[in-house]
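So the chains spell out like this:
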Amino acid sequence: MDRIIYVDNNATTAVAPEVFEEMKPYFTELYGNPSSMYRFGGELGKDIEIARNKVADLIGSTYRDKDNKSSEILFTSCGTESDNAAILSALQLNPEKRKIVISEVEHPAILSLCKDIQRKGYIIELIPVDKKGKINLADVEKAVDANTAIVSVMWANNEIGNIYPVNEIAKIAHKNGALFHTDAVQAVGKVPINMDENEIDLLSLSGHKLHAPKGIGALYIRRGTRFRPFIIGGHQESSRRAGTENLAGIVALGKACELAKENIENENIVVKKLRNSLEIKIAEQISDIRINGDFENRLPNTASISFEYIEGEAILMLLDQFNICASSGSACTTGSLEPSHVLRAMGLPYTAAHGTIRFSFSRYNTQADVDFIVEKLPPVIEKLREYSPFWQDKDKK
Ligand code: PLP
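Everything numeric here is computed off the predicted structure, so don't read it as measured data. (Residues numbered from 1 in each chain as written. Predicted model: local features only at pLDDT ≥ 70, side-chain atom pairs only at ≥ 80, totals over all residues. Heavy atoms only, no water.)

A. Focus on the overall build of the protein chain. A tally of regular secondary structure across the protein chain gives 14 helices and 12 strands. Relative to its length of 397 residues, the protein chain is compact, with a C-alpha radius of gyration of 22 Å against a globular reference of 21 Å. Dimensions of the protein chain along its principal axes, counting C-alpha atoms only, are 75 × 50 × 35 Å. Of all 397 residues assigned to the protein chain, the portion counted as buried reaches 57%. A sequence separation of at least 24 residues applies to 73% of the contacts in the protein chain between residues at least 6 apart. For the protein chain, the exposed area adds up to about 17500 Å²; of that, 54% sits on carbon and sulfur atoms. The positive charge centre, built from 47 side chains, and the negative charge centre, built from 54, are 2 Å apart in the protein chain. (Helix = DSSP H or I, 4+ residues; strand = E, 2+ residues; numbered from the N terminus. Rg over C-alpha atoms; globule rule 2.2 N^0.38 Å. Buried < 20%, exposed > 50% of the residue type's maximum accessible area, 1.4 Å probe, protein only. Contact = heavy atoms within 4.5 Å. Areas by Shrake-Rupley, 256 points an atom, 1.4 Å probe, with all protein chains shown as cover. Lys, Arg positive; Asp, Glu negative; His and termini not counted. Charge placed at Lys NZ, Arg CZ, Asp CG, Glu CD.)

See the structure below:
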């Protein structure tokens, strides 16, 4: 295949070669079931615990039980499962509380779940965001009350990269007797996380966003936090998540977390430089653009850029001809013609929200990728604007 310029790392990432090597034996010679009595299967349980500790290490959860196991990490199948498990557990354990507080810019793994829960009679209170996508803590104070079972606000937003004051929000939740969950699927491996130094109860993460494969995730459950299983069956994961373990995925996630921990600082410097270079060069060469998000507090790898008066999907199709892979809004909303709920919540005009592209970098991108995008993008935008009635009418007011 021709060279691919992959700048859609918030959608998914390449499996790191080191991770792939580590997981391979579990598809071939190490195929036993960790629940088996014989050593060929049973001994693989040790590999699960090694991986669990590596996940805990990346997010600064240092508690280990008498067998040196991190009991705060539960393996799941993905970020969506972790999000669903956290919210539904809180509701089941606190049946008298009928309210959930979330932000307007949550991923569909939280938002759509909450819409479904609302149909069952719960109150869903949405915390608004401002023009930069920021949350005002006073709005959180207003929304949370004694009827709130759980507050869930993402650590970092997948579309614009904003980082939210999750520990401050956790404190507000706790003051009101509510649990606090954060969807940290976009944050883990990209920003330092120290669970020993915050009061977050539950945190979701997903392997395929940090160079592990798809189909593996985890939920951090702070020691002492009650938890009701989401998937019920056998006794795996200390009876907190039934189903034969995805051993290869678990080992892969452990390795990916180990690599992320070793490289996070350097990697952040590299991806930030690439992201900033892209934003600066695009701003120099293309008029009528907006760069979205909170510049003081956003993921180092993410750029959300609106090219006014044209359609993001059309931009993506033309970029695809050059093997440039980016996305409009979040991958999960691609396919719908509605602009993303995040950009709408920020109050972006339709003419800008429709033409928004997200570029997200990883450790495998280079300056040559940025230069290639900056070479191909301006003529694409110019061509689309030539055909755009909105562009032609923009100065006629
Ligand atoms: N939460 C956020 C913020 C995400 O960006 C995503 C994936 O895009 C998810 C949850 C869902 O994760 P998964 O694909 O592992 O289910």
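Having seen it, we continue.
B. Structural context of the packing of helix 9 (residues 247–285) against helix 13 (residues 367–386). It is the contact of helix 9 with helix 13, at a shortest axis distance of 10 Å, that shows an interaxial angle of 20°. In terms of their interaxial angle, helix 9 and helix 13 are classed as roughly parallel. Crossing angle aside, the handedness with which helix 9 passes helix 13 is right-handed. Contact residues: helix 9 offers L274, S277, L278, K281, I282 and Q285, while helix 13 offers Q367, V370, D371, I373, V374, L377 and P378. (Axes fitted to C-alpha atoms, helices over the stretch in contact; angles between N-to-C directions. Parallel < 35°, antiparallel > 145°, perpendicular 65-115°, else oblique. Left-handed = near helix turned anticlockwise from the far one by under 90°.)

C. Representation of the sheet that holds strand 6 (residues 179–183) in the model. Strand order in the open sheet made by the 7 strands is 2-8-7-6-5-3-4, with mixed pairing throughout. A strand with exactly one partner marks an edge of an open sheet, and here the two such strands are strand 2 (73–76) and strand 4 (123–127). Each strand axis lies, on average, 20° off the axis of its neighbour in the sheet, ignoring direction. Where strand 3 (residues 99–103) meets strand 4, 5 bridges bridge the pair, whose relative direction is parallel. Across the sheet, the residue bridging to S103 is I127, located in strand 4. Sheet strands touched by helix 3 (residues 44–58): strand 2 and strand 7 (202–206). Its angle to strand 2, the strand with the most contacts, is close to 110°. In the packing of helix 5 (residues 108–118) onto the sheet, the strands contacted are strand 3, strand 4, strand 5 (148–152) and strand 6, and the crossing angle to strand 3 comes to about 155°. (Pairing = 2+ DSSP bridges.)

D. Up close: the sheet that holds strand 10 (residues 302–307). The strand order across the open sheet formed by 3 strands is 9-10-12, and the pairing between neighbours is antiparallel. With partners counted over all chains shown, the strands left at the sheet margins are strand 9 (289–292) and strand 12 (356–360), one partner each. Strand after strand, the sheet turns through a mean of 25° between neighbouring axes, direction not considered. Alignment of strand 10 against strand 12, held across 5 bridges, turns out to be antiparallel. Paired with A303 across the strands is F359, a residue of strand 12. Helix 9 rests against strand 9, strand 10 and strand 12 of the sheet, and its axis sits at about 15° to strand 10.

E. Representation of the packing of aromatic side chains. All chains considered together, the criterion is met by 2 aromatic pairs. Taking 5.0 Å as the distance between ring centres and 75° as the angle between the ring planes, the aromatic pair formed by Y31 and F40 counts as edge-to-face. A relative accessible area of 59% means that Y31 is categorised as exposed. The partly exposed category is assigned to F40, whose relative accessible area is 40%. Over the aromatic face of Y63 sits the side chain of R223, whose NZ or CZ is 3.7 Å from the ring centroid. When the ring centre of W391 is taken as reference, the NZ or CZ atom of K394 above it lies at 4.6 Å. (Phe/Tyr/Trp six-rings, centres within 6.5 Å; stacked < 30°, edge-to-face > 60°. Lys NZ or Arg CZ within 6 Å of the ring centre and 35° of its normal.)

F. Region of interest: the packing of helix 4 (residues 79–93) against helix 5. Closest axis-to-axis distance for the helix 4/helix 5 pair is 9 Å, and the angle between their directions is 35°. In the packing of helix 4 onto helix 5, the handedness of the crossing is right-handed. Every residue of helix 5 that contacts helix 4 at T80, D83, N84, I87, L88 and L91 is listed here: A109, I110, L113 and I117. In terms of residue class, the contact of helix 4 with helix 5 is built from 7 nonpolar, 2 polar and 1 charged. (Nonpolar A, V, L, I, M, F, W, Y, C, P; charged D, E, K, R; others polar.)

G. Quick look at helix 3. In a regular helix each residue adds 1.5 Å, so 15 residues correspond to 21 Å; helix 3 covers 22 Å between its end C-alpha atoms and thus fits that length. In terms of burial, helix 3 is a largely internal element, 11 of the 15 residues being buried. In the core, the buried residues of helix 3 are packed alongside helix 1 (17–23), helix 2 (39–42), strand 2, strand 7, helix 8 (236–239) and helix 9. Directly after helix 3, the chain includes G60, whose backbone phi takes a positive value near 65°. (Expected span 1.5 Å × (residues − 1).)

H. Just the site of the ligand, in detail. Close to the ligand lie 13 residues, the nearest being T80, D183, Q186, S206 and K209. In the model, an oxygen atom of the ligand is placed 2.8 Å from a nitrogen or oxygen of the Q186 side chain. For the ligand, an oxygen atom lies 2.9 Å from a polar atom in the side chain of H208. In isolation the ligand offers 400 Å² of accessible surface; the protein chains occlude 90% of this area. Split by residue class, the shell around the ligand holds 3 nonpolar, 7 polar and 3 charged. (Near = heavy atom within 4 Å. Polar contact = N/O pair within 3.5 Å; in protein donor to acceptor, adjacent residues only side chain to side chain.)

I. Geometry of the domain arrangement of the protein chain. Segmenting the protein chain into domains produces domain 1 (5–12 + 263–396) and domain 2 (17–259). Here domain 1 and domain 2 have C-alpha centroids that lie 29 Å from each other. Across the boundary between the two partners, domain 1 contributes 29 residues, which contact 33 residues of domain 2. Across the domain 1/domain 2 interface, buried area totals approximately 2700 Å², and carbon plus sulfur atoms make up 54% of it. Three residues, L299, H341 and M346, lead the burial of domain 1 against domain 2; their summed loss comes to 20% of the area buried on that side. At the junction of domain 1 and domain 2, the tally comes to 0 salt bridges. Joining domain 1 to domain 2, the criterion identifies 15 residue pairs in polar contact (both at pLDDT 80 or more). (Domains from an automatic or database assignment. Buried area = accessible area lost by both parts, 1.4 Å probe. Salt bridge = Lys/Arg side-chain N within 4 Å of Asp/Glu carboxyl O.)

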